[in-house]
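Geometric and topological summary
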Amino acid sequence: MRIFSFYIHDSRYSVPTLQIVDAQDEDRAREIAQARLDESMAHLAIEVREDDNRLFEVTRD
């Protein structure tokens, strides 16, 4: 398992919410991030990082 950091940008808060997620690989991390984005219309985007590297971002487009 790999450890990913999700920074959830939410319209209700001025700073992103951090969630730590275990996932098999980047594809699974992307699926989980998309599911978290879909959980609330207040979630605007989720930045996904591993260690200090920004991997990708899912947004509400």
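All values reported here derive from a predicted model rather than from experimental measurement.

**A closer look at the sheet that holds strand E1 (residues 2–10)**
Spatial ordering of the open sheet is given by E2-E1-E3-E4, a layout of 4 strands whose pairing is antiparallel. Across the chains shown, the open sheet's two edge strands, defined by having one partner strand only, are strand E2 (17–23) and strand E4 (53–59). Neighbouring strand axes in the sheet, compared pairwise and without regard to direction, differ in orientation by 25° on average. Relative to E2, E1 is paired through 7 bridges, and the arrangement is antiparallel. Pairing of Arg-2 across the sheet is with Ala-23, part of E2.

**A look at the nonpolar core**
Membership of the largest hydrophobic core comes to 13 residues, with the highest contact counts inside it found for Phe-4, Phe-6, Ala-33, Ile-46, Val-48 and Val-58. Mapped by element, the contributors of at least two residues to this core are E1, E2, helix H1 (26–39), strand E3 (43–50) and E4. Take this core: its biggest share by element is 4 residues, from H1.

**A closer look at a nonpolar patch on the surface**
Judged by side-chain polarity, Ile-3, Leu-18 and Ile-20 come together as a nonpolar surface patch covering roughly 310 Å² of accessible area. One can find Ile-3 in strand E1.

**Describing unusual backbone geometry**
In this model, Asp-51 sits at a positive phi of 55°, which is unusual for a non-glycine residue. Residue placement: Asp-51 occurs in the loop between E3 and E4.

Criteria and cut-off values
- Residues numbered from 1 in each chain as written.
- Predicted model: local features only at pLDDT ≥ 70, side-chain atom pairs only at ≥ 80, totals over all residues.
- Heavy atoms only, no water.
- Pairing = 2+ DSSP bridges.
- Helix = DSSP H or I, 4+ residues; strand = E, 2+ residues; numbered from the N terminus.
- Axes fitted to C-alpha atoms, helices over the stretch in contact; angles between N-to-C directions.
- Core = buried A, V, L, I, M, F, W, Y, C linked by side-chain atoms within 4.5 Å.
- Buried < 20%, exposed > 50% of the residue type's maximum accessible area, 1.4 Å probe, protein only.
- Patch = residues over 30% accessible without salt bridge, like charges linked within 9 Å, V, L, I, M, F, W, Y side chains within 5 Å.
- Areas by Shrake-Rupley, 256 points an atom, 1.4 Å probe, with all protein chains shown as cover.
- Salt bridge = Lys/Arg side-chain N within 4 Å of Asp/Glu carboxyl O.

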